[in-house]
Amino acid sequence: MKRIAVCPGSFDPITLGHLDIINRASTIFDKVIVLVSFNAAKKAAFTVGERVEMIYDVVRDMDNVVVDCNDGLLADYLKRTGATAIVKGLRAVSDFEYEFQMALANRKLYDGAETVFLTTTGENMFLSSSVVKQIAYFGGDISGLVPPQIHDFIKSRLLKSDDIKI
């Protein structure tokens, strides 16, 4: 039986922190689905299609990693795809409280859903998509924060953009 995991997130945009978690998950599971999820509480800077394409550009050489999107419940997505694990990265204790609640909710909705928490590396503890957006908006250097394949696209899109709420 294949061990399939889903790494869900908004990935708006994908960061080196996200990529670290995806890389590590790909060594644990037979297949990893990086899932761009819809979050009604967030106004995205990039369209779902752009986010999927950016992630694909970054993971295309990883044989057991695929990219998808979903606008419904994560538990339903796991059932449809046969995935049994949700992989989430944790930066701080504050992340754990929310992610723990989500893990319990997903388990309640689908008893086949296990959540695996991977702790971030020290250099990525501060890193989030929001931090990247704020730095890029003001023209700061994001080269150590995002994968090089998508750096220029992110920078050009976010620099003093009226569409971005920081």
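Figured I'd write up the structure that's included with this text. Not measured: the values here are computed from a predicted model.

On to the sheet that holds strand β4 (residues 85-90). Read across the sheet, five strands follow the order β3-β2-β1-β4-β5 without closing on themselves; strand pairing throughout is parallel. Each of the sheet's edge strands pairs with one partner strand only, and the pair in question is β3 (65-70) and β5 (114-119). Going across the sheet, the axis of each strand differs from the next one's by a mean of 30°, ignoring polarity. Pairing geometry for strand β2 (residues 31-37) and β3, over six bridges, is parallel. From the neighbouring strand, I33 faces β3, where its bridge partner is V66.

Let us now look at the side chain of N70. Along the chain, N70 turns up in strand β3. Engagement of the side chain of N70 in a polar contact is seen with the side chain of R80, the distance being 3.3 Å. Not counting residues within four places of it along the chain, the set of residues in contact with N70 comprises L35, V36, S37, F38, Y77 and R80.

Turning our attention to the side chain of D20. With respect to the secondary-structure elements, D20 resides in helix α1 (residues 16-28). Those residues in contact with D20, other than ones at most four positions away along the chain, are T121 and N124.

A word on the nonpolar core. I22, V59, V87 and I154 are the most contacted members of the largest nonpolar core, which totals 32 residues. Within the residue set of this core, elements represented by two or more residues are β1 (4-9), α1, β2, α2 (48-59), β4, α5 (129-137) and α6 (151-158). Ignoring anything within four residues of it in the chain, the contact list for V59 reads L19, I22, V65 and V67. In terms of nonpolar packing, the next biggest core, distinct from the first, is built from twelve residues, I33, Y77, L78 and A83 among them.

Here is what the cut-offs are and how they apply
Residues numbered from 1 in each chain as written. Predicted model: local features only at pLDDT ≥ 70, side-chain atom pairs only at ≥ 80, totals over all residues. Heavy atoms only, no water. Pairing = 2+ DSSP bridges. Helix = DSSP H or I, 4+ residues; strand = E, 2+ residues; numbered from the N terminus. Axes fitted to C-alpha atoms, helices over the stretch in contact; angles between N-to-C directions. Polar contact = N/O pair within 3.5 Å; in protein donor to acceptor, adjacent residues only side chain to side chain. Contact = heavy atoms within 4.5 Å. Core = buried A, V, L, I, M, F, W, Y, C linked by side-chain atoms within 4.5 Å. Buried < 20%, exposed > 50% of the residue type's maximum accessible area, 1.4 Å probe, protein only.

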